[in-house]
Amino acid sequence: MISTSRIFNPRLGALCLAAMLATLGGSHAIAQGGAPDAGDAGAIDTPLNLPNDVSVFGKFDPTIRKATAIVNGFIITDTDVDQRLNLVLAANGQSVTPEERDRLRLQVLRNLIDETLEIQEAKSNDVSISSDDIDTTFARVGTQFKYTPQQFGDFLKSKGSSPNSLRRQIEGELAWQRLLDRKVQPFINVGDDEVKQVIARLNASKGAKEYHVGEIFLSATPSTDAQVHANADKIMDQLRKGGSFVAYARQYSEASTGAVGGDLGWVRGEQLPDAISQILPQMQAGTISPPIAVPGGYSIIAVQDTRQVLTADPRDAVLSLKQMTLSFPKGTTQAVASPRVAAFAEATQKMAGCGAVKDVAAKFDADVVENDNVKIRDLPPALQGQLTTLSLGQSTNPFGSVEEGVRVLVLCGRDDPQASGAPSFDAIYNQMEQARVDQRARRYLRDLRRDAVIEYR
């Protein structure tokens, strides 16, 4: 496990653009009035030596600017922004307020600008992405939704987006990655001693608690702290209303993990900033923290799961199960179904092993499905505890509903997990190498932004 750095995700994660533009607006006003002297008593300790009492000339409202830009000659239209925005909203799976939509629209424009810079830089280095590569990735994404490419394209159109918008995003991701593989990755060095030290620390921490963590990181400076904190609170409010953590992480997180939905993987508390490590032990799997002040900004943490380092987890046991499902005619009430469910529960609890499943199922006209490769951790949390303690031939309590069917799971076999060893040398090496590539990528894109000619229309 490698400590997670605060690395800027080259394209998908970014500052709230409204806050950034507001800061720049203040800088512009000072430039017009003359920069303050170094000894100005009103100056704050920043690289620009700005005064505390900034006077901004004119009303600044970034939401009234047309979301159209020309990036080194390439035009980003309102339609491009709308289609990508609708793609983000479809991925998030929930409605947003008009204020949130305006904020998200500005962020989408920023993403499209970065995406364009990446594609342009890749082409200038003779890195191009073929249509076949884009089609393959597009089809793979569609498969995740159980769509053919044609069906997936129709689905995107029904959401107000388009296949071309997603294809453009795919081109940007592939082009940037291949450019980094050519110009950055070959010059990254990770020493064998560094890897051995990580392995030694893992072995020394055997039995310690690990967390599978997701993170949304928003960077802040003293001058933007209040605005960024407010933005973090708004994101948290959307998450509490059912928003997708992965979708918000992809759109807003400034950590390198934003591209994978904020997934930090399995980490120990000491690998994270102190403020996060202190709150992790208080969190249960499936919970999300409020914004946490960390060096450089704020983090929202999601704990997906927990385990112990290099220790076998009983939830990794692979089970052989038989599922019995008791169905009811449409319109059956709970009161009518209850006696039959009670009798079904009694019969399955008294059942003499898996060999009796067929007879009990026939008595209650229940359906039987077998599966010999089920991990306990892949089942609903409410069932994991029962199956961890069941002996062979025993069944769970009935679960489900009258509408969807009442079920029981019967344990017919169990392969208990072996204690896991430390990650391989190569796995840790690759993880450290990727972290350093991400750091270089941040600086690379920063330089591209500085040299770009961007016109807003």
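Fair warning: this is a prediction, and the values are worked out from it, not measured in the lab. The written sequence of each chain sets the order in which its residues are numbered from 1. Owing to the predicted nature of the model, reporting of local features is limited to residues with pLDDT of at least 70; listing and counting of side-chain atom pairs is limited to 80 or more, with chain, interface and lining totals taken over all residues. Side-chain numbers here rest on the full set of heavy atoms in the structure, without hydrogens or water.

## Some details on the overall build of the protein chain
Here is step 1 of the chain: Secondary structure elements are defined from DSSP: runs of H or I of at least 4 residues count as helices, runs of E of at least 2 residues count as strands, and each element is numbered from the N terminus. Of regular secondary structure, the protein chain possesses 14 helices and twelve strands.
Here is step 2 of the chain: Here the term buried applies to any residue with accessible area under 20% of the maximum for its type, exposed to any over 50%, and partly exposed to those in between, with areas from a 1.4 Å probe on protein chains only. Looking at the protein chain as a whole, 44% of its 457 residues qualify as buried.
Here is step 3 of the chain: Surface exposure here means Shrake-Rupley accessible area, sampled with a 1.4 Å probe, where a residue is shielded only by the protein chains that are shown. Looking at the protein chain as shown, the accessible area adds up to about 23,600 Å², and 51% of this sits on carbon and sulfur atoms.

## Comments concerning the packing of helix H3 (residues 98-124) against helix H14 (residues 425-451)
Here is step 1 of the chain: Angles shown run from 0 to 180 degrees and are taken between the N-to-C directions of axes, each axis being a line fitted to C-alpha atoms and, for helices, limited to the stretch in contact. It is the contact of H3 with H14, at a shortest axis distance of 10 Å, that shows an interaxial angle of 100°. Judged on the interaxial angle alone, H14 and H3 are roughly perpendicular. Contacts between H3 and H14 involve Arg110, Asp114, Leu117, Glu118 and Glu121 from the former and Tyr444, Leu445, Leu448 and Arg449 from the latter.
Here is step 2 of the chain: In terms of residue class, the contact of H3 with H14 is made up of four nonpolar, no polar and five charged. An angle counts as roughly parallel when it lies under 35 degrees, as roughly antiparallel when it exceeds 145, as roughly perpendicular when it falls between 65 and 115, and as oblique in every other case. Residue contacts are defined here by distance: any two heavy atoms, one from each residue, within 4.5 Å place the two residues in contact. In the scheme used here, Gly and all other residues not listed as nonpolar or charged are polar, with Ala, Val, Leu, Ile, Met, Phe, Trp, Tyr, Cys and Pro taken as nonpolar and Asp, Glu, Lys and Arg as charged.

## With respect to the pairing of strand E8 (residues 318-326)
Here is step 1 of the chain: Counting buried positions along E8 gives seven out of nine residues, so the element sits mostly inside the fold.
Here is step 2 of the chain: As judged from the seven bridges shared by E8 and strand E9 (residues 367-375), these two strands associate in the antiparallel manner. What sits directly across from Gln323, in E9, is Val369.
Here is step 3 of the chain: Two strands pair if DSSP finds at least two bridges between them. In this sheet, strand E11 (residues 405-415) lies alongside E8 in antiparallel orientation, the contact comprising nine bridges. Paired with Leu319 across the bridge in E11 is Arg414.

## Focus: the packing of aromatic side chains
Here is step 1 of the chain: Two aromatic rings, drawn from Phe, Tyr or Trp (for Trp, its six-membered ring), form a pair once their centres lie within 6.5 Å of each other, and the interplanar angle then sorts them: stacked below 30 degrees, edge-to-face above 60, tilted otherwise. The tally for this structure, following the rule as stated, stands at seven aromatic pairs.
Here is step 2 of the chain: Geometrically, the ring pair formed by Phe138 and Phe152 is tilted, given 5.1 Å between the ring centres and 50° between the ring planes. Of the two residues, Phe138 is situated in helix H4 (residues 131-144) and Phe152 in helix H5 (residues 149-158); the sequence distance between them amounts to 14 residues.
Here is step 3 of the chain: On the basis of relative accessibility, which here comes to 1%, the residue Phe138 falls in the buried class.
Here is step 4 of the chain: Where Phe344 meets Phe364, the ring centres are 5.5 Å apart and the plane angle is 70°; that geometry is what we call edge-to-face. Here Phe344 is found in helix H11 (residues 334-349), whereas its partner Phe364 is found in helix H12 (residues 357-364), with 20 residues between them in sequence.
Here is step 5 of the chain: A residue is classified by how much of its surface remains accessible, and Phe344, at 0% relative accessible area, is buried.
Here is step 6 of the chain: Exposure remark for Phe364: the relative accessible area of 9% places this residue in the buried category.

## A word on unusual backbone geometry
Here is step 1 of the chain: Not every positive phi belongs to a glycine, and Asp126 is a case in point at roughly 60°.
Here is step 2 of the chain: The phi dihedral of Asp365 is positive, around 55°, even though this residue is not glycine.
Here is step 3 of the chain: Structurally, the position occupied by Asp365 is in the loop between H12 and E9.

## Re the pairing of strand E3 (residues 209-219)
Here is step 1 of the chain: Burial of E3 is extensive: nine of the eleven residues sit out of reach of the surface.
Here is step 2 of the chain: Both E3 and strand E7 (residues 297-308) contribute to a ladder of eleven bridges, which runs antiparallel. In the sheet register, Glu215 faces E7, and the bridge partner there is Ile301.
Here is step 3 of the chain: Strand direction decides the pairing type here: E3 and strand E4 (residues 263-268), joined by five bridges, are antiparallel. By the bridge assignment, Val213 is partnered in E4 with Gly265.

## What to know about the sheet that holds strand E10 (residues 399-401)
Here is step 1 of the chain: The antiparallel open sheet is built from four strands, whose spatial order is E9-E8-E11-E10. Both edges of this open sheet fall to E9 and E10, since each of them pairs with a single strand only. Adjacent strand axes in the sheet meet at a mean angle of 25° when their direction is disregarded.
Here is step 2 of the chain: Along the sheet, H11 makes contact with E8 and E11, crossing E8 at roughly 150°.
Here is step 3 of the chain: Where H12 meets the sheet, it contacts E8, E9 and E11, and its direction lies at approximately 20° from that of E8.

## With respect to the pattern of salt bridges
Between side chains of opposite charge, a pair can form when the charged atoms approach closely.
Here is step 1 of the chain: Within this document, salt bridges are pairs made up of a side-chain nitrogen of Lys or Arg and a carboxyl oxygen of Asp or Glu, the two lying within 4 Å of each other. Counting across every chain of the model gives 18 salt bridges.
Here is step 2 of the chain: Linking Asp82 and Arg105 is a salt bridge whose minimum nitrogen-to-oxygen distance equals 2.2 Å. With Asp82 in helix H2 (residues 78-92) and Arg105 in helix H3, this pair connects stretches of sequence that are 23 residues apart.
Here is step 3 of the chain: Its relative accessible area of 31% is what places Asp82 among the partly exposed residues.
Here is step 4 of the chain: The partner of Arg168 in a salt bridge is Glu115, with the nearest N and O atoms 3.8 Å apart. One end of the pair, Arg168, is in helix H6 (residues 163-183); the other, Glu115, is in helix H3, with 53 residues separating them in the sequence.
Here is step 5 of the chain: Under the relative-accessibility criterion, Glu115 is labelled buried at 0%.

## Digging into the environment of Arg101
Here is step 1 of the chain: With respect to the element layout, Arg101 can be found in helix H3.
Here is step 2 of the chain: Remark: the alpha-carbon pair of Arg101 and Leu85, spanning 16 residues in sequence, is separated by 8.5 Å.
Here is step 3 of the chain: If we skip the residues at most four places from it in the chain, Arg101 touches Leu85, Asn86, Leu89 and Val96.

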